[in-house]
Amino acid sequence: CALPIYTFKAEAGHHLVPQPLTNGKNVFDELGAGFTLVALGADDGAVGALEAAAKAQNVPLKTVRDTQAGGREAYEAKLLLVRPDHYVAWAAHEGPADANALFKRVAGK
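Here is a short report on the structure shown in this document. (Residues numbered from 1 in each chain as written. Predicted model: local features only at pLDDT ≥ 70, side-chain atom pairs only at ≥ 80, totals over all residues. Heavy atoms only, no water.)

**Some thoughts on the pattern of salt bridges**
Heads up, the condition is: Each reported salt bridge corresponds to a side-chain nitrogen of Lys or Arg within 4 Å of a carboxyl oxygen of Asp or Glu. Note on classification: 1.4 Å probe, protein chains only; a residue is buried when its accessible area is under 20% of the maximum for its type, exposed when over 50%, partly exposed between these limits. Labels follow the DSSP assignment, with helices taken as runs of H or I lasting at least four residues and strands as runs of E lasting at least two, numbered in each case from the N terminus.
Applying the stated rule across the entire model yields 5 salt bridges. A salt bridge links Lys25 to Glu30, with the nearest nitrogen and oxygen atoms 3.4 Å apart. For Glu30, a relative accessible area of 15% translates into the label buried. A salt bridge links Arg65 to Asp44, with the shortest nitrogen-to-oxygen separation between them at 2.9 Å. With Arg65 in strand S2 (residues 61-66) and Asp44 in helix H2 (residues 44-56), this residue pair connects regions lying 21 residues apart in the sequence. One continuous salt-bridge network, built from bridges that share partners, spans Lys25, Glu30 and Lys62.

**Some details on unusual backbone geometry**
Of note in the backbone geometry, Asn58 takes a positive phi value of approximately 60° without being a glycine. Its place among the elements puts Asn58 in the loop between H2 and S2. Given the relative accessible area of 67%, Asn58 is considered exposed. One non-glycine residue, His86, adopts positive backbone phi at about 75°. Following the sequence through the fold, His86 ends up in the loop between strand S3 (79-82) and strand S4 (88-92). For His86, a relative accessible area of 22% gives the class partly exposed.

**Overview of the sheet that holds S2**
Going by this rule: Pairing between strands requires that DSSP locate at least two bridges from one strand to the other. Lines fitted to C-alpha atoms define the axes here, with helix axes fitted over just the stretch in contact, and angles between the N-to-C directions of these axes take values from 0 to 180 degrees.
Taking strand neighbours across the sheet as the criterion, the 4 strands line up as S2-S1-S3-S4 in an open arrangement whose pairing is mixed. Each edge of the open sheet is held by one strand with a lone partner, namely S2 and S4. Going from strand to strand, the sheet's axes swing by 15° on average, the running direction of each strand aside. As paired elements, strand S1 (residues 35-40) and S3 share 4 bridges and run antiparallel to each other.

**Describing the pairing of S4**
Pairing analysis gives 4 bridges linking S3 to S4, with the strands arranged antiparallel. Across the sheet, residue Leu80 finds its bridge partner in S4, namely Ala91. Taking the residues between adjacent antiparallel strands as the criterion, S3 and S4 are bridged by 5 residues, where His86 takes a positive phi near 75°.

**Describing the nonpolar core**
Selection criterion: Note on terminology: a nonpolar core comprises buried Ala, Val, Leu, Ile, Met, Phe, Trp, Tyr and Cys residues joined through side-chain atoms within 4.5 Å.
The biggest cluster of nonpolar side chains holds 18 residues, and the ones touching the most others in it are Leu50, Leu79, Leu81, Phe103 and Val106. At the level of secondary structure, the elements contributing two or more residues to this core comprise S1, H2, S3, S4 and helix H3 (99-106). Ranked by residue count, the leading element in this core is H2, at 5 residues. Core analysis: the second largest hydrophobic core is formed by 14 residues, Ala10, Leu21, Leu31 and Val82 among them.

**Description of the pairing of S1**
The test is simple: Note on handedness: a crossover is taken as right-handed if, strands pointing away from the viewer, the path from the first strand over the helix to the second is clockwise.
Across the 6 residues that make up S1, a large majority, 6, are buried. Here S1 runs beside S2; their pairing, made up of 6 bridges, is parallel. Its bridge partner being in S2, Leu37 is matched across the sheet by Thr63. With H2 bridging S1 and its parallel neighbour S2, the resulting β-α-β unit is right-handed.

What follows is the structure, given as structure tokens:
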């Protein structure tokens, strides 16, 4: 019987692992009722493109900004798109080539 492998890495299809934020709260305390974009020292242009795409696709999105330090570097991504059920829908260091296509896919449109 193989033991499960536990990792903090944020991967699509996996449950988000809780981590503390700079403000002292757990990342779970900051997740929204819809999708949440966790931006950890990410490029403002990438964050803006994702926010604009969510709005264009009428997908509820809350953005949580923080640094990648303090344990959050274990996510191995600067941008985490988290579904309402706390599963990671998408994670990367850079914004997607087509943010509209990403939101169409994750929202099932």
